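Now for the letters of each chain:
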Amino acid sequence: MFADLYQQIILEHYRHPQNVGVVDGSLQVRNEHPSCGDKVLLSVCVDGDTVREVRFLGEGCSISQASLSMMTEAVKGLSVDEVRGLYEKFREMLHGHEPDEDALGDMVSLQGVSRFPARVPCATLGWETLFRALALESHEDNPGQPCE
Ligand code: ZN
């Protein structure tokens, strides 16, 4: 499914995921991709327009968990618009377009997923969960704390 180098990057994130955990006082959103068994609890802190902290607890296939690890590394410190722009590039890659390697970093390792449409939701699970959290955050009745 993947070239060796990409396989190594994916397995490295799968075995040693970044940003695992739950942040006190954060927005927390659960999501899953049932047909593969992927699950996530995403914990997000937004300060103004900036994503300050993202952590996750997850289980599932290597693509979903590695993608979560990569995403949490990539989006920290970005504005919500920048997060949207990055996801757009990621999705284009998953639909077979040539990736923007500078912007995507380790996420380029997931480009082989584009040949397996049934696995695309594994790679996008974390992102979709993040956007659910950001949509919640923008509601006025939600506290949307920056989590210190
Ligand atoms: Zn999966």
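The rules we used
Residues numbered from 1 in each chain as written. Predicted model: local features only at pLDDT ≥ 70, side-chain atom pairs only at ≥ 80, totals over all residues. Heavy atoms only, no water. Salt bridge = Lys/Arg side-chain N within 4 Å of Asp/Glu carboxyl O. Buried < 20%, exposed > 50% of the residue type's maximum accessible area, 1.4 Å probe, protein only. Helix = DSSP H or I, 4+ residues; strand = E, 2+ residues; numbered from the N terminus. Pairing = 2+ DSSP bridges. Donors = N, O, S within 2.8 Å, 3.2 Å for Na, K, Ca; no water. Polar contact = N/O pair within 3.5 Å; in protein donor to acceptor, adjacent residues only side chain to side chain. Expected span 1.5 Å × (residues − 1). Arc of directions from axis to C-beta. Contact = heavy atoms within 4.5 Å. pLDDT = per-residue confidence, 0-100.

(A) Structural context of the pattern of salt bridges. Across all of its chains, the model carries six salt bridges by this definition. The closest approach of N and O atoms between E53 and R55, which form a salt bridge, is 3.8 Å. For R55, a relative accessible area of 26% corresponds to the partly exposed category. Connected through salt bridges with shared partners, the residues E53, R55 and K76 form a single ionic network.

(B) Representation of the pairing of strand β2 (residues 38-47) in the model. Across the ten residues that make up β2, a large majority, eight, are buried. Here strand β1 (residues 27-33) runs beside β2; their pairing, made up of seven bridges, is antiparallel. Residue pairing across strands places E32 opposite K39, the latter belonging to β2. If you look at the hairpin formed by β1 and β2, you'll find four residues sitting between the two strands, and G37 has a positive phi there, around 90 degrees. Across nine bridges, the pairing between β2 and strand β3 (residues 50-59) is antiparallel. If you follow V44 over to β3, its bridge partner there is V54. Following β2, the chain reverses through two residues before pairing antiparallel with β3; G48 in that reversal takes a positive phi of roughly 65 degrees.

(C) Local environment of the coordination of the zinc ion. In the first shell of the zinc ion, the protein supplies C36 (SG), D38 (OD), D38 (OD), C61 (SG) and C122 (SG), at 2.1 to 2.7 Å from the metal. Taken in sequence order, the residues that donate to the zinc ion follow the motif C-x1-D-x22-C-x60-C. Here C36, found in the loop between β1 and β2, pairs with C61, found in the loop between β3 and α2 (62-75); they are 25 residues apart in sequence, far enough to count as distant. By relative accessible area, which is 30% here, C36 ends up partly exposed. The class for C61 is buried, based on a relative accessible area of 14%.

(D) Structural detail: the side chain of S67. By the secondary structure assignment, S67 is in helix α2. Within polar-contact distance, the side chain of S67 engages the backbone oxygen of A123 at 2.6 Å.

(E) Inspection of helix α3 (residues 80-94) at higher detail. The end-to-end C-alpha distance of α3, which contains 15 residues, comes to 21 Å, matching closely the 21 Å that a straight helix rising 1.5 Å per residue would cover. All of the buried residues in α3 are V80, V83, L86, Y87, F90, M93 and L94. Along the axis of α3, the buried residues cluster in a sector spanning 135 degrees; they form a single face. Buried positions along α3 lie against β3, α2, α4 (101-104) and α5 (120-137).

(F) Layout of the confidence of the model for the protein chain. Scored by pLDDT, the protein chain comes out at a mean of 92, with 93% of its residues at no less than 70. Least confident of the elements in the protein chain is α5, whose mean pLDDT is 94; most confident is α2, at 98.

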